[in-house]
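# Report on the structure
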Amino acid sequence: MHDFGMEKQKEMEHSSDKKQKVRIKRELSRINLLGMYLLGTVFVAFMVALILVQANVRYTVRPEVLELLPKVNLVDMKNTEEPSEGSSEKNNYGETLIENKSYKTLLITEEGDPQSIKSKELWDPILSQMKISSDECDVSDFKCSMLKDYDKIIMAVTKYQKLSEEIVGIKSWVKKGGNLMVAFPPETSGSYKSLFEILGVSDSGEAVVVEGLHFEKDFLIGGSAHDFGIIDAYESSLAYALYDDCEVYVKSTDEYPVPVIWKRKVGKGTVVMDNFGIMDKAYRGIHCAAYSLLGEFCVYPVINGAAFYIDDFPSPVPEGDSTYVSRDYNMSVADFYSQVWWNDIYELGRRYGIHYTGLVIEDYSNQVEGEFPRNQEITRFRYFGNMLLDAGGEIGIHGYNHMPLVLENFDYKDQYDAYIQWPSIQDMRNSLLEVFGFSDELFPDEEFKVYVPPSNVLSEEGRKLLNDTTIRSIAAVYLPTDMAYEQEFEVSSDGIINTPRITSGCVIDEYMELAALSELNFHLVNTHFHHPDDVLDEDRGAALGWKKLYENLRNYMQWLYMSFPNIRNMTGSELAAAVQNYDLLKVERRINDREITLNFGDFNKEAWMLLRVSDGQKIDYVTGGSYISMTDDLYLLQCDTDKVVVRLKQETE
Ligand SMILES: [Zn+2]
């Protein structure tokens, strides 16, 4: 740079006369030129950067982290009945073999009882997703003679008097090494009270409202960070006084705390009381964790992934109420997004290594038929889209416009007056063809694999259309709401991978906090949906101002990455691959002395397992993989082969 300046000076020298008095002037102009040159360099660099961004040149190509199997394979694997015919070897996937005898979990339910029905709806997916084989039996059919095939019982029963004579047998089964969980606080009857001896209850009282959860021990990943409030709490728990030898893991945050989850050793067995009583999907991880306290150990597969989606991004400048943007920033909405919002979001992503997945909307039009015109205003799309991709992100599809892919047969129940249904499948197809074509033109190196349904509404007809495109994953919602397209983390039988979003927005309320905690412990997953237009919508916190909304988001991420700094940051399609590996995996557990052997079926390069151990046991070593400590008694196993052996030792050994 300096040399170049000198050259310039020399040229000038050549063209100027050599009079003494001009020298000073020349010196001054040299300095000026250098300054101009510096400015010029910065300007040119800026222009080049802008041109590169505009011209769609990318600096880095993100290496594929995980592999999506071909869709046809996924369809085959999901639709093939097991075990394979002609195979002489018995398939023990889902079962636990202790000294070569195979055990399952027994879920005892009570027909017609509303609490029991809710509990069954909770436990069926929990057990199947933990890959634990279970049988169900109605309380009236239960006989203690059945217990020889089970190592764990989940008692989802309200009226223990229906168990009558069997209670004595259950107690003796526990003392001999059985493991019993009371799934929710039942009706206090004489029969139930006769279990107090093993539950460690000295006295029981009235039903109580648990306003919040306090984690007494380092028990859940992220649980010790702070107490967790419960929205819409009701009298779901019972007041209990306990023996001193009960290990209380969770208490209520009330002035007179109620024990919410405790464990007690009884002879060679264990009992766990799950006194939480609220059995919503958002709290599965709390109940799963209670179950994991039963017995010597509990090991179950998890996803290990975090994905952050950005709604309507890139898209045309969103419409909405700009009151608060004007109030706080005195700039246009378009400028706010490029100068404030995106800087903040980008910086947050950089800080935590997040690879955002943005979902394209081509046009905010109401058009649902005819020819869909291409949006020619592409500067914004390219600018944001290329920056997102360059930071290791991914672009997915949201829609040509924001009209959910539903036909006129779909009932909006008067909730979305502004939404227009599509007159035909062909019209929906045409709109998809247009948005895919548009996105291809803008980002020719990208394959669009992730779809997020606008307003979380999607029809089966729409899903079928998406399955004819490059879409591999649909990310709708995990938690149930009105007509939202609710999903599980799974490979669907049509070969599409469901990767639902759990939390959203910048107003992270107590429900969302607890749901995030729950899923971090149940699936070791975090999926968040960020709406850029929160600042334009009073219902989503606009009046708080972006500064406050951003602070909320930062606090949430801080909690997540402090709770589990090693969580794998993934784009939407990478998360889909992780869900694929998790969902297809089959697990057989064998325990001999202090050695746990995990044999995996349909193992695809990786498996992640959470292992909870009891009584101060620690991992001595792992073969076929590695491990990290998550909480006092919880480990994460990274399994690199389809057979992993975990050797445990006592802490004192
Ligand atoms: Zn949207």
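See above for the structure.
Keep in mind that this is a model prediction, so the values were computed, not measured.

A general tendency of soluble globular proteins is for nonpolar side chains to be buried together. Trp123, Leu213, Ile286, Tyr291 and Trp546 are the most contacted members of the largest nonpolar core, which totals 147 residues. Each of two domains, domain 1 (102–295) and domain 2 (308–579), supplies a minimum of three residues to this core. In this structure Leu213 touches Asp227, Phe228, Ile230, Val250, Lys251, Thr253, Val260, Phe276, Ile286 and Leu514, once residues within four positions along its chain are discounted. Ile108, Ile170, Leu199 and Met273 belong to the second-largest nonpolar core, a separate cluster that totals 33 residues.

We now examine the coordination of the zinc ion. For the zinc ion, every protein donor is listed as Asp311 (OD), Asp312 (OD), His398 (NE2) and His402 (NE2), and the spread of their distances is 2.1 to 2.2 Å. Between the donor residues of the zinc ion, the gaps in sequence give the motif D-D-x85-H-x3-H. Take Asp311: its relative accessible area is 7%, and that puts it in the buried class. A relative accessible area of 8% means that Asp312 is categorised as buried.

Next up on the list: the sheet that holds strand β25 (residues 607–613). Where strands meet in a sheet, backbone hydrogen bonds hold them as pairs that are either parallel or antiparallel. With antiparallel pairing, the 4 strands of this open sheet are ordered in space as β13-β25-β28-β27. Where the open sheet ends on each side, the last strands, each with one partner, are β13 (297–302) and β27 (625–631). Direction aside, neighbouring strands of the sheet carry axes that sit 25 degrees apart on average. Taken together, the 6 bridges between β13 and β25 define a ladder with antiparallel strand orientation. Opposite Val299, over in β25, you have Leu611 as the bridge partner.

What follows deals with the side chain of His530. Of note, His530 is situated in strand β22 (residues 525–530). Classification of His530 by relative accessible area gives buried; the value is 4%. In this view, His530 contacts Tyr309, Ile310, Asp311, Trp341, Ile345, Cys506, Trp546 and Leu553; residues no more than four positions away in its chain are not counted.

Cut-offs and rules
- The residue numbers shown here count from 1 along each chain, following its written sequence.
- Only residues with pLDDT of at least 70 get local features here, since the model is predicted, and only at 80 or more are side-chain atom pairs given and counted; chain-wide, interface and lining totals rely on the full set of residues.
- Based on all heavy atoms of the structure, the side-chain values leave hydrogens and waters out of the count.
- Remark: nonpolar core denotes a set of buried residues (Ala, Val, Leu, Ile, Met, Phe, Trp, Tyr, Cys) joined through side-chain atoms within 4.5 Å.
- Three exposure classes are used, based on accessible area relative to the maximum for each residue type with a 1.4 Å probe and protein chains only: buried under 20%, partly exposed in between, and exposed over 50%.
- The source of the domain bounds is an automatic or database domain assignment.
- Any two residues whose heavy atoms approach within 4.5 Å at even a single point are treated as in contact.
- Donor criterion used throughout: N, O or S atom within 2.8 Å of the metal, extended to 3.2 Å for Na, K and Ca. Water excluded; incomplete-looking sites may result.
- The pairing criterion is simple: DSSP has to find at least two bridges between the two strands.
- Numbering of helices and strands starts at the N terminus; helices are DSSP runs of H or I of at least 4 residues and strands are runs of E of at least 2.
- Convention adopted: a line fitted to C-alpha atoms gives each axis, helices being fitted over their contacting stretch, and angles between N-to-C directions are expressed from 0 to 180 degrees.

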